[in-house]
Every structure is written in structure tokens, then in C-alpha cells.
Amino acid sequence: MRIPFTQVDAFSGEPFGGNPAAVMPLTAWLDDAVLQRIAEENNLSETAFIVPADGTDADFELRWFTPTSEVALCGHATLASGHVVLESGTSLTTVRFRTRQAGILEVARADSGYTLALPAWGGSAMDLPAYVAALGLDRVDATLWHDKGYALVVVENEAIVRGLEPDQRALKAAGMAVVIVTAPGEATDIVSRVFTPAYGIDEDPVTGAAHAVMVPYWADRLGRDRFTAFQASARGGRLTCRLDGDRVVLGGACVSVIEGSFLLP
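Values in this document were obtained by computation on a predicted structure and should not be read as measured data.

1. Regarding the pairing of strand 14 (residues 226–231)
Relative to strand 14, strand 12 (residues 190–196) runs parallel, the two being bridged by 3 bridges. Bridging across to strand 14, Ile190 finds its partner in Ala229. Pairing geometry for strand 14 and strand 15 (residues 237–244), over 6 bridges, is antiparallel. The partner of Arg226 across the bridge, within strand 15, is Arg242. Hairpin remark: strand 14 followed by strand 15, antiparallel, with 5 residues in the connecting loop; positive phi at Gly236, about 75 degrees.

In C-alpha cells:
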């Protein structure tokens with residue numbers, strides 16, 4: 001059985017930037033254990049599987065797997081999936097994905113690449129001492145938690161974000177979470193880094209889902225619903241951000257870097 005395979009660098013207009021994701025269209029769902037083994041074999045931060053959807057609310061069903069587990073939401077692999085569909089010769093200008101835990105997500109063509117609409121998952125204030133300690137921080141401005149497993153840690157400035165050297169083993173032991181550290185930016189309005197050792201990836205290069213949590217916080221703090229963002233990983237990624245009611249709309253580019261097929265015995 002051959003499964004089409006496209007590796008996409010999402011939130012980047014050039015190869016070797018942004019966050020790589022594998023996009024694999026299926027005609028029907030395979031067993032969950034097989035999907036997980038394929039994602040483990042791909043060994044990318046995310047492998048996205050899409051299946052044509054029944055009904056009129058969505059074009060495809062979408063699921064995402066890290067090398068170790070399925071996740072509730074993944075922005076960059078959704079953007080990559082939209083890129084693959086919209087560049088496949090379709091007449092669509094917007095593609096809708098039905099997901100199991102994040103509802104309907106949309107990717108649309110835009111002048112600068114694509115826009116991606118995600119649920120606005122604003123967190124609630126909560127003390128997160130284990131995560132703060134594992135990050136090696138003595139002082140933070142705020143800590144918030146979203147019950148889908150997102151820890152948001154706000155610090156004073158970009159230099160602190162860039163200088164982080166977290167204890168990845170301690171972060172993993174603190175609990176199953178996507179750990180986001182963010183601050184006001186220098187060249188962009190906000191800056192962040194995202195650590196996910198609980199999901200088999202120490203640092204995620206560019207994380208759309210993390211911005212679904214960050215954008216409501218920053219919209220309130222900045223007093224405006226549009227701003228720019230940079231995720232300061234080694235690969236790096238730039239995004240435009242907009243809070244639109246209960247949706248976070250992110251803008252970014254994608255580039256396909258590998259196309260082929262996955263041979264499943």
C-alpha cells in the first residue's frame with residue numbers, strides 16, 4: 001500500500017525554515033496504532049493524516065500525530081495540509097477540516113500565502129511552579145493554563161525568551177503539556193518559544209496551536225486585535241495574528257520540500 005507523502009515547511013516561504021510537517025492523504029482511516037507507527041517513522045514534529053469528509057460542514061477529516069502521541073490541535077500541520085490540498089489543482093480557495101477535539105478549522109488562500117483559523121483557547125490564571133522551575137526562571141509576569149494541556153508563561157522581555165535553557169526532563173515530568181514562554185518582542189509585537197518534551201519533541205520550531213493560546217492574552221494586554229509574532233526557535237517562524245471573536249486567525253506561508261509516497265507493507 002502506497003500512501004502519498006508531502007513534507008511541508010510551514011510558516012516559512014523558503015525551505016529549511018518554519019516547522020516541517022508530513023501530510024498524508026488517506027481514502028479511509030487506518031488503525032490508530034498504524035497511524036502512530038507511521039508518525040514515529042516520519043520522525044517529524046507532526047504527521048497530519050487527512051480523509052475525505054462526509055457531510056457539508058467540512059471537506060476533510062484531519063488528525064495529527066507526533067512521534068509519540070496524537071494531539072488535540074496542531075496549527076502548522078493544519079496549515080501544511082491546507083497548502084497540499086489547495087496546491088493540488090482544486091478550484092477551492094478555502095479548505096475546511098473536521099477535527100476530533102478542535103472543531104472545524106479553515107485554511108484559505110491569502111496574498112502572502114495562507115490564513116489559518118483556529119479556536120481561541122485563552123488560558124486562565126494559574127500558578128505553575130513545576131513548569132516555571134523546569135524552565136529555570138526565577139521571576140515571571142504571569143502564568144496561565146488551558147485545559148487542553150497548554151501552559152503559558154509570560155516573561156519580561158525577548159532576551160529572557162531567547163536565553164532559555166530548560167531542563168527538558170523536568171518539563172516532561174511536570175505533566176503532559178505544551179509549554180509556551182512569551183514576551184513582548186523587539187522586531188515583532190510578541191515573541192515566543194515552545195517546549196514539548198512530553199510529546200517527544202524538546203522544542204517545537206513554530207507552533208500555531210500555541211498562538212491559539214497566546215493571541216487572546218496578548219490581544220487583551222496590547223489592547224488591539226492584530227499584531228505580529230516571531231517564534232524564536234533555531235529554525236524560526238514569523239506569523240501575523242488576529243483575534244476575531246472566538247477564532248484566532250494566523251497568516252503565514254508554506255513551501256513543499258519533499259514529495260513521494262510511504263510504502264506500507
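2. A few points about the environment of His83
With respect to the helices, strands and loops of the structure, His83 is situated in helix 2 (residues 75–86). Residue classification places His83 among the buried positions, given a relative accessible area of 8%. Beyond its immediate chain neighbours, meaning those up to four positions away, His83 contacts Val8, Tyr114, Cys254, Val255 and Ser256. For His83, the side chain forms a polar contact with the side chain of Ser256, separated by 2.9 Å.

3. Regarding the side chain of Thr99
On the secondary structure map, Thr99 appears in the loop between strand 5 (94–98) and strand 6 (104–110). Engagement of the side chain of Thr99 in a polar contact is seen with the backbone nitrogen of Ala102, the distance being 3.1 Å. There is a polar contact of 2.7 Å between the side chain of Thr99 and the backbone oxygen of Gly103. The contact partners of Thr99, leaving out residues within four places of it in the chain, are Leu62, Trp64 and Leu105.

4. Some words on the packing of aromatic side chains
Summed over all chains, the structure comprises 5 aromatic pairs. Ring centres of Phe60 and Phe97 lie 6.2 Å apart, and the angle between their planes is 35 degrees; on these two criteria the pair is classed as tilted. Remark: Phe97 occurs in strand 5 and Phe60 occurs in strand 4 (residues 60–65); sequence separation between them is 37 residues. A single burial state applies to Phe60 and to Phe97, both of which are buried. The ring of Trp29 has Arg100 sitting right over it, with the charged end atom 5.8 Å from the ring centre.

Quick notes on the rules
- Residues numbered from 1 in each chain as written.
- Predicted model: local features only at pLDDT ≥ 70, side-chain atom pairs only at ≥ 80, totals over all residues.
- Heavy atoms only, no water.
- Pairing = 2+ DSSP bridges.
- Helix = DSSP H or I, 4+ residues; strand = E, 2+ residues; numbered from the N terminus.
- Buried < 20%, exposed > 50% of the residue type's maximum accessible area, 1.4 Å probe, protein only.
- Contact = heavy atoms within 4.5 Å.
- Polar contact = N/O pair within 3.5 Å; in protein donor to acceptor, adjacent residues only side chain to side chain.
- Phe/Tyr/Trp six-rings, centres within 6.5 Å; stacked < 30°, edge-to-face > 60°.
- Lys NZ or Arg CZ within 6 Å of the ring centre and 35° of its normal.

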